[in-house]
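# Reading the structure
In case you want the letters, here they are:
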Amino acid sequence: MAQRSDIVVIGGGIIGLAVARRLCLAGNAVTVLERHRTGRGASWAAAGMLAPHCEFDEPDPYFELCRTGLARYAGFIETLREETGCPIEYNAAGAMLPALSDRGQAQLETRYERHRCDGVPVERLNVREARRLEPNLTNGIRMALRYPDDHQVENRDVVTALAQSVQRGGGVIREGVAARKILLEGHRVSGVDTSEGIWKAHTVVNAMGCRARYLDGIAPTDRIPVRPVRGQILALKAGTAPPFHHTIYTSGAYLVPRSDGRLIIGATVEETGFRDEVTLGGVMQLFRDALELAPGLKSWALDSTWSGLRPVTRDGWPVLGATGTPGLFAATGHGRNGILLAPLTGDLLAETILHDRVPSIMRPFLPDRFYPARDGETSDERDR
Ligand code: GLY
């Protein structure tokens, strides 16, 4: 016999859980279907950077989305802690971008001027100032920028707390259930066919991460053009104190300190399809970039290595909102910013699903930007 839920969320990563939580809080019967273990894919692999000012060079709607996501984060964590009693490590020390060459310095000077003009909180530090804040940085740096508003969070704490929140809110999480196919009545969603049978639901959210395009039963043009982009990452451990206060960020690598004394070093960006192994070349690249920033790390113990697959769309922007199949919604393609954007994605999807409203900040990210142009419409009219 078919199982029933008002809403089925396919994908138990941080995005699916954040969406499910908001829908549960609004009183809906929600089921999350996760093919493996909740939150153990890209959400587990991430480093937890909440750092739009580091990640973006130019202002655009995606940057604005990320800044909005960041502005809500600390409040979201506070609420989630109160709601669940779960500990969630949150670090608001800021991020530092050091320059290691003349060229790097010129790039940072340009970035500094642009961000200052745009009103982004940013500080320019000389070598002495930067090393006073972060003595473990190499003395080979030329200068650094500091973004006080960029934060970082222990992403694994967040997914653990989100899963608890969903369950406390009456939601059901089913692990080991792979969604295969959307079921329709007429043109509208009526459920999902899965490896464990049929789930009837009037609303389905595709939060399948880098596998989002592999959902059958819908028109090929409604498939979301998402692909996996591998990130390899590693952790060092020196002792009980974190070696840095800030997240240290360069174009090659980032160093993210955790309160237990680990230092997360990430991440490669590789087009290797669904291969998620850790390679010697990947690890060597991370070591090289990290040692250039902080030569003292060479005596640290290697704690662990892992990798994850980021969901990246054809145009690199997330895909959020109603698809061309009535009742089917998309929430994926967050690329490098899935942890940062999870709470905001939950809010935006809830607004769309429950109130049929599309907040203006979400418009550039609607799935219909990927649909073929209708008769008489130019591609320019569809492009952002
Ligand atoms: N958030 C940075 C990354 O995806 O590597």
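The sections below set out a description of the structure shown in this document. Because the structure is predicted, anything quoted here is derived from the model rather than measured.

Under the 1.5 Å per step criterion, the end-to-end length of helix α7 (residues 155–168) is 20 Å for 14 residues, consistent within 8% with the ideal 20 Å. Buried within α7 are the following residues: Asn155, Val158, Val159, Ala161, Leu162, Ala163, Ser165 and Val166. Two to three positions downstream of the cap, the backbone nitrogen of Arg156 sits 2.9 Å from a side-chain oxygen, assigning the N-cap of α7 to Glu154. Downstream of α7 by one or two residues, Gly170 has phi in the positive range, about 95 degrees.

Membership of the largest hydrophobic core comes to 74 residues, with the highest contact counts inside it found for Ile14, Tyr73 and Val158. In contact with Tyr73, other than residues within four places in its own chain, are Ile14, Leu50, Tyr90, Val153, Val158, Ile339, Leu340 and Pro343. Among the nonpolar cores identified, the runner-up in size contains 21 residues, and Val8, Leu33, Trp199 and Val204 belong to it.

Attention now moves to the site of the ligand. Looking at the ligand, the residues that line it are Met49, Glu55, Tyr254, Ala267, Arg310 and Arg336. At a separation of 2.7 Å, an oxygen atom of the ligand approaches a polar side-chain atom of Arg310. Between the ligand and Arg336 there is a distance of 2.8 Å, counted from a nitrogen atom to a backbone nitrogen or oxygen. When isolated, the ligand has an accessible area of 200 Å², and the protein chains bury 87% of it. In the shell around the ligand, the residues fall into three nonpolar, no polar and three charged.

Taken in spatial order, the three strands make up an open sheet running β4-β9-β5, and their pairing is antiparallel. Single-partner strands in this sheet number two, and they are β4 (49–50) and β5 (90–91). Pairing geometry for β4 and strand β9 (residues 151–153), over two bridges, is antiparallel. By the bridge assignment for β9, Leu50 is matched with His151.

Evaluation of the coordinates by the stated rule reveals 22 salt bridges. The shortest N-O distance in the salt bridge between Arg81 and Glu78 comes to 3.1 Å. Here Glu78 and Arg81 lie together in helix α4 (residues 61–84), a separation of three residues that amounts to about one turn. Classification of Arg81 as partly exposed rests on a relative accessible area of 26%. For Glu78, a relative accessible area of 38% puts it in the partly exposed group. With a closest N to O distance of 3.2 Å, Arg275 and Glu277 form a salt bridge. Taking the relative accessible area as the measure of exposure, Arg275 reaches 52% and is therefore exposed.

Cut-offs and rules
Residues numbered from 1 in each chain as written. Predicted model: local features only at pLDDT ≥ 70, side-chain atom pairs only at ≥ 80, totals over all residues. Heavy atoms only, no water. Helix = DSSP H or I, 4+ residues; strand = E, 2+ residues; numbered from the N terminus. Expected span 1.5 Å × (residues − 1). Buried < 20%, exposed > 50% of the residue type's maximum accessible area, 1.4 Å probe, protein only. Polar contact = N/O pair within 3.5 Å; in protein donor to acceptor, adjacent residues only side chain to side chain. Core = buried A, V, L, I, M, F, W, Y, C linked by side-chain atoms within 4.5 Å. Contact = heavy atoms within 4.5 Å. Near = heavy atom within 4 Å. Areas by Shrake-Rupley, 256 points an atom, 1.4 Å probe, with all protein chains shown as cover. Nonpolar A, V, L, I, M, F, W, Y, C, P; charged D, E, K, R; others polar. Pairing = 2+ DSSP bridges. Salt bridge = Lys/Arg side-chain N within 4 Å of Asp/Glu carboxyl O.

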